[in-house]
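# Residue-level structure breakdown
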Amino acid sequence: MKKLFITPILLLLTFSGFAQKQTKKAEDGIKPVGVIKNLTDSALLDVVQRQTFRYFWDFGHPVSGLARERSNKSFDYGDEVVTTGGSGFGVMSLIVADSRKWITHEQAVDRMLKIVRFLSKVDEFHGAFPHWLNGETGKVIRFGRKDDGADIVESAYLFQGLLCARQYFNADNPKENTIRGMINGLWGDMEWNWFTRDGRDALYWHWSPNNGWAMNFPIHGFNECLITYVLAASADRYPVSADVYHRGWAQSDFFKNGKTYYGFKLPLGFDYGGPLFFSQYSFLGLNPKGLKDEYADYWEQNRNHTLINHAYCVDNPKKYKGYGENCWGLTASDNYEGYNAHAPNNDLGVITPTAALSAFPYTPEYSMKALRHFYYDLGDKIWGEYGFTDAFSESHNWYANSYLAIDQGPIIVMIENYRTGLLWKLFMSCPEVQGGLKKLGFESPAIAKN
């Protein structure tokens, strides 16, 4: 199978050969709804966000409140596995649910308290969390043979959500004061500078008390990890220098691009941009509107990346069934073989709904066409209790019955950023984040002027 690139998320997920099994039924909570005819665009967005939120609310782990990795038993794990990064997305989804009154504010506060209290007791490594935890015991669950310790990219996704929660739960009462205090404690304990591996000019993705730096994976851009460098530069107690960003992140064979695909110039990254989660995961909280540094305008980067992905699916050079103006979106997901990072130059005929739906801020017209097609034309095959299932391939007559936290969360969050900018406003209001962005040489309308 051709690989266009390797990063740990892709390398360590593609090995699995996930078997598709029946989805676990959720406990009573927000009731799922079937396909409803003749919805307005706004009403359809409401339905999709709300039903997708059930993944984190009804299917959240009952002890920890964190997000389970996936809905189906697969490979050698099941419901006990919670995912650190996906839980960060889940925290952001909880904020959306509270804001839109799908749950009461008291329910949101209590779930958030459960989450931060649990996180304060789990296995951590120099303040960083592992990729997977046992949702009941808080013990690390090995993600790979030597990946049994810190994962700073997953930790960054979690902290992106926690910092939004700290800004959102701002009432002066015992519960919300506790939420903020515990988040500040977790944030302050994260030793970002440890992960420069004795002061080298890059952040290293993994460290394990059993295996040390054996994974040996320096994080170079451009990919899904920008938020990791931003947060590392933003830290109060254990920050990294700007040199780590410029000499580490911004130095690789796949950082600068500058070529044009389907008429759209791509400033950074792999040919054709890679899977769409590159322009989504770091930008659930980090607002790309007006965000610029010496390397790119990140609104241009993310929008053109999305437009290239869309144009490729419309062009459909491999003539896969179903691809077109209303059916597009290539990103990492389950597929008929297992799991892969789908992209224009790693195209296996698999459409992943989160790709187009989490691109709503960048391509609202194209994303709405995809949403209506997924919901009304394919709803009987891919619409279920937690929203849209993970992926499908009409060419292979394959339709997933699985849901993944890292795919469901961005649908809720990025649709909300398109509608109200809620999570962008919260994250960009963090004084530490503003300081970190300035330190790295970013410009943004959200950065307070001195």
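The structure presented is a predicted model; accordingly, all values stated were derived computationally and were not measured.

To continue, consider the overall build of the chain. Tallying secondary structure elements over the chain gives 15 helices and 13 strands in all. Taken against the 2.2 N^0.38 rule, which gives 22 Å for 450 residues, the C-alpha radius of gyration of the chain at 20 Å falls within 12% of a compact globule. If you line up the chain on its principal axes, its C-alpha atoms span 50 × 50 × 45 Å. By the burial criterion, 64% of the 450 residues in the chain qualify as buried. For the chain, the proportion of contacts with a sequence separation of at least 24, taken over those separated by at least 6, is 69%. Of the roughly 16,000 Å² that the chain leaves accessible, carbon and sulfur atoms contribute 47%. In the chain, which carries 46 positive and 49 negative side-chain charges, the distance between the mean positions of the two groups comes to 2 Å.

A few words on the environment of M92. Among the secondary structure elements, M92 is positioned in helix α3 (residues 84-99). Residue class for M92 comes out buried when judged on its relative accessible area of 0%. C-alpha of M92 to C-alpha of G161: the two residues are 69 residues apart in sequence and 5.3 Å apart in space.

On to the packing of aromatic side chains. Tallied over the entire structure, the rule returns 45 aromatic pairs. Aromatic ring contacts, followed pair by pair, group F222, Y229, Y245, W249, F255, Y295, Y298 and F442 into a single cluster. The ring of W57 carries R111 above its face, with NZ or CZ at 4.2 Å from the centroid.

Interaxial distance between helix α2 (residues 41-57) and helix α11 (residues 364-377) falls to 11 Å at its minimum, and their mutual angle equals 65°. Of the two elements, α2 crosses α11, and the hand of that crossing is left-handed. Contacts from D41, L44, L45, V47 and V48 in α2 reach M368, L371, R372 and Y375 in α11. Across the contact of α2 with α11, the residue classes tally to seven nonpolar, no polar and two charged.

Turning our eyes to something else, we now look at the pairing of strand β7 (residues 264-268). The pairing of strand β6 (residues 256-261) with β7 spans four bridges and is classified as antiparallel. Within the sheet, the bridge partner assigned to K256 lies in β7 and is L268. From the end of β6 to the start of β7, which pair antiparallel, there are two residues, and Y262 there has a positive phi angle of about 55°.

On inspection of all chains with the given rule, the structure shows 15 salt bridges. A salt bridge links R247 to D243; its shortest N-O distance comes to 3.9 Å. Here the residue R247 and the residue D243 both occupy positions in helix α8 (residues 242-249), the gap between them amounting to four residues, near one helical turn. Residue R247 is classed as partly exposed on the basis of its relative accessible area, which comes to 48%. A salt bridge links E325 to K369; the nearest nitrogen and oxygen atoms lie 3.7 Å apart. With a gap of 44 residues between them, E325 in the loop between α9 (298-315) and β8 (332-334) and K369 in helix α11 connect regions that are remote in the sequence. A relative accessible area of 29% means that E325 is categorised as partly exposed. Members of the salt-bridge network, linked through shared partners, are D46, R100, E416 and R419.

One way to put it is that α3 packs onto helix α4 (residues 105-119) with a least axis distance of 9 Å and a crossing angle of 165°. Considering the angle they form, α3 stands roughly antiparallel to α4. Here α3 and α4 pass one another in a crossing that is left-handed. Taking contact as the criterion, the partners of V91, L94 and D98 in α3 are, on α4, H105, A108, R111, M112 and I115.

So, about α9. In this model α9 runs 25 Å from its N-terminal to its C-terminal C-alpha over 18 residues, within 8% of the 26 Å that 1.5 Å per residue would give. For α9, the tally of buried residues reaches 13 of 18 residues, placing the bulk of the element in the interior. Capping the start of α9 is the job of one residue whose side-chain oxygen sits 3.0 Å from the backbone nitrogen of W299: D297. Downstream of α9 by one or two residues, N316 has phi in the positive range, about 50°.

Parameters at a glance
Residues numbered from 1 in each chain as written. Predicted model: local features only at pLDDT ≥ 70, side-chain atom pairs only at ≥ 80, totals over all residues. Heavy atoms only, no water. Helix = DSSP H or I, 4+ residues; strand = E, 2+ residues; numbered from the N terminus. Rg over C-alpha atoms; globule rule 2.2 N^0.38 Å. Buried < 20%, exposed > 50% of the residue type's maximum accessible area, 1.4 Å probe, protein only. Contact = heavy atoms within 4.5 Å. Areas by Shrake-Rupley, 256 points an atom, 1.4 Å probe, with all protein chains shown as cover. Lys, Arg positive; Asp, Glu negative; His and termini not counted. Charge placed at Lys NZ, Arg CZ, Asp CG, Glu CD. Phe/Tyr/Trp six-rings, centres within 6.5 Å; stacked < 30°, edge-to-face > 60°. Lys NZ or Arg CZ within 6 Å of the ring centre and 35° of its normal. Axes fitted to C-alpha atoms, helices over the stretch in contact; angles between N-to-C directions. Left-handed = near helix turned anticlockwise from the far one by under 90°. Nonpolar A, V, L, I, M, F, W, Y, C, P; charged D, E, K, R; others polar. Pairing = 2+ DSSP bridges. Salt bridge = Lys/Arg side-chain N within 4 Å of Asp/Glu carboxyl O. Parallel < 35°, antiparallel > 145°, perpendicular 65-115°, else oblique. Expected span 1.5 Å × (residues − 1). Polar contact = N/O pair within 3.5 Å; in protein donor to acceptor, adjacent residues only side chain to side chain.

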